[in-house]
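Take a look at the letters that make up each chain.
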Amino acid sequence: MLENLTQRLSRVVKELRGEARLTEENIQEALREVRLALLDADVALPVVRAFVASVKERALGAEVIGSLTPGQMGGHKEPALAAHAELVRVLRALATEAEAPQLDYRQVNALIERELGRKVVVIGAAIESDAHTVGIDAIMNMKGFAGDYGLERYPWIDAVNLGAQVPCERLVREAQERSADAILVSQVVTQKQVHARQLTKLVDLLEAEGLRDRYLLIAGGPRLSNTFAKELGYDAGFGPGSTPSQVAAWVATELIQRKGE
Ligand code: B12
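Cut-offs and rules
- Residues numbered from 1 in each chain as written.
- Predicted model: local features only at pLDDT ≥ 70, side-chain atom pairs only at ≥ 80, totals over all residues.
- Helix = DSSP H or I, 4+ residues; strand = E, 2+ residues; numbered from the N terminus.
- Expected span 1.5 Å × (residues − 1).
- Buried ≥ 20, exposed ≤ 12 C-beta atoms within 10 Å, placed from the backbone.
- Pairing = 2+ DSSP bridges.
- Axes fitted to C-alpha atoms, helices over the stretch in contact; angles between N-to-C directions.
- Parallel < 35°, antiparallel > 145°, perpendicular 65-115°, else oblique.
- Left-handed = near helix turned anticlockwise from the far one by under 90°.
- Contact = placed C-beta atoms within 7 Å.
- Nonpolar A, V, L, I, M, F, W, Y, C, P; charged D, E, K, R; others polar.
- Near = placed C-beta within 6 Å.
- Right-handed = clockwise from strand over helix to strand, strands pointing away.
- Core = buried A, V, L, I, M, F, W, Y, C linked by C-beta atoms within 7 Å.

Draft legend 1. Helix α11 (residues 244-260), seen in detail. The terminal C-alpha atoms of α11, which comprises 17 residues, lie 24 Å apart, in line with the 24 Å expected from a rise of 1.5 Å per residue. Turning to α11, its buried residues are Pro244, Ser245, Val247, Ala248, Ala249, Trp250, Val251 and Ala252.

Draft legend 2. Highlighting the sheet that holds strand β1 (residues 120-126). Spatially, five strands are ordered β2-β1-β3-β4-β5 in an open sheet, and the strand pairing comes out parallel. A strand with exactly one partner marks an edge of an open sheet, and here the two such strands are β2 (157-161) and β5 (236-238). Shown here is a sheet whose adjacent strand axes are inclined to one another by a mean of 20°, direction ignored. Here strand β4 (residues 216-220) pairs with β5 via three bridges, running parallel. The residue of β5 that forms the bridge with glycine 220 is phenylalanine 238.

Draft legend 3. Seen up close, the packing of helix α6 (residues 105-115) against α11. Close contact between α6 and α11 brings their axes to 9 Å; oriented N to C, the two are set at 20°. On the basis of their axis angle, the class for α6 and α11 is roughly parallel. The interaxial crossing formed by α6 with α11 has left-handed handedness. Contacts between α6 and α11 pair Tyr105, Val108, Leu111, Ile112 and Glu115 from the former with Ser245, Ala248, Ala249, Ala252 and Ile256 from the latter. Its residues assigned to classes, the contact of α6 with α11 shows eight nonpolar, one polar and one charged.

Draft legend 4. Here's a closer look at the site of the ligand. Taken together, 30 residues sit near the ligand, with Val134, Gly135, Leu184, Ser186 and Gly220 positioned nearest. Elements with a contribution of two residues or more to the shell around the ligand: α7 (134-140), β3 (182-186) and β4. Broken down by element, the shell around the ligand gets its largest block of residues, five residues, from α7. Partitioning the shell around the ligand into residue classes produces 15 nonpolar, 13 polar and two charged.

Draft legend 5. Representation of the pairing of β4. For β4, the tally of buried residues reaches five of five residues, placing the bulk of the element in the interior. On the question of chirality, the crossover connecting β3 to the parallel β4 by way of helix α9 (residues 194-208) is right-handed. The parallel pair β4 and β5 is bridged by helix α10 (residues 226-231), and the resulting crossover is right-handed.

Draft legend 6. Seen up close, the pairing of β2. Residue alternation in β2 divides its side chains into a buried set, Ile157, Ala159 and Asn161, and an unburied set, Asp158 and Val160. The pairing of β1 with β2 spans five bridges and is parallel. Counterpart to glycine 124 in the pairing with β2 is asparagine 161. Considered for its hand, the β-α-β crossover made up of β1, α7 and β2 is right-handed.

Draft legend 7. Structural view of the packing of helix α8 (residues 168-177) against α9. At a minimum axis distance of 10 Å, the contact between α8 and α9 shows a crossing angle of 50°. Between α8 and α9, the crossing angle belongs to the class labelled oblique. As for the relative orientation of α8 and α9, their crossing is right-handed in sense. For the pair α8 and α9, the contacting residues are Cys168, Glu169, Leu171 and Val172 in the first and Lys201, Leu202, Leu205 and Leu206 in the second. A per-class count over the contact of α8 with α9 returns six nonpolar, no polar and two charged.

Draft legend 8. Unusual backbone geometry, seen in detail. We note that glutamine 165 has phi near 55°; this positive angle belongs to a residue other than glycine. Of note, glutamine 165 is situated in the loop between β2 and α8. You can call glutamine 165 partly exposed: it has 14 C-beta atoms within 10 Å. Residue serine 179 is not a glycine yet carries a positive backbone phi of 50°. In this fold, serine 179 is placed in the loop between α8 and β3.

Draft legend 9. Structural context of the nonpolar core. Ranked by size, the top nonpolar core spans 47 residues in total, and within it Val122, Ile183 and Ile218 carry the most contacts. Here this core gets six residues from one element, more than from any other, and that element is α11. If we skip the residues at most four places from it in the chain, isoleucine 218 touches Ala182, Ile183, Leu184, Val185, Tyr234, Asp235, Ala236, Phe238 and Val247. Among the nonpolar cores identified, the runner-up in size contains seven residues, and Ile27, Ala30, Leu31 and Leu38 belong to it.

Any functional reading would require information that these geometric values do not contain.
What follows is the structure in structure tokens.
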């Protein structure tokens, strides 16, 4: 079902990109297809409504839609082109999220054993000033969250939880020393955009040391989304209600995919 959703969303993006003109009709048509695809994939109606409404607002909020050709307009200054880009970006982000398969604890372990044949090393922390351990604990600790075992419980995952208020420098050092595959970062406090600054600091540090491509970099927290995390330079983001098996499934499939590239 998820594969089907991804295919349908990819088709919408492809068709929209191929449009010579960006019109109200073709945006409406794309959104209709997105809505149906999400509903067919059993996404809850309120979520579908909120998503479509937000894209629609951004896509149709621009007044210049109709006679302009994206190629002719140049740059993102034109509202129609900006709206077009935004829709493509949001759809892409959604398609990426949908690509994470829904696998349970047993399935993820079996997948890692079969496809990688070694333990996956995952290191996590709430970084810098953030003192909230509960989010990262929910994903990593044995007990887990909402009846879903945490990563420490996975026999094929070596999970190291450094706790809260961990300086970025220490997290990077520990990731290197342990040859981590993935770095998990929690940010709960968002006052004055402190989360964005701290998350960016980690990316900058990894880039400065030439280490960014060595790790899967994942951010999580109550005010985070996949889209926002990617904007900050992360590979994925997980928001409220995320479960350990979602994270484990994403990490495992991403590593397998990268191994094959
Ligand atoms: C418990 C708590 C504390 C405890 C934390 C104890 C601990 N050991 O963690 C203490 C008392 C220390 C605390 C302190 C503060 N807190 Co506090 N705290 C809370 C509270 C009540 C609950 C948080 C919680 O347990 N959530 C449960 C977990 C499971 O949910 P979660 O974090 O969202 O995690 C899930 C997802 O987001 C995701 N996730 C989270 N992290 C990650 C990471 C990865 C890698 C992944 C994949 C997923 C993921 O998966 C989890 C499971 O689904 C919230 C209010 C609330 N009801 O949420 C305020 C709250 C978070 N705190 C808040 C504030 C302001 C503070 C203080 C600044 C207060 C102060 N003035 O001193 C300090 C911060 C100190 C600091 N330096 O960080 C605000 C944050 C507001 C904001 N958006 O900025 C909140 C929202 C309260 C409020 N309404 O004002 N707090």
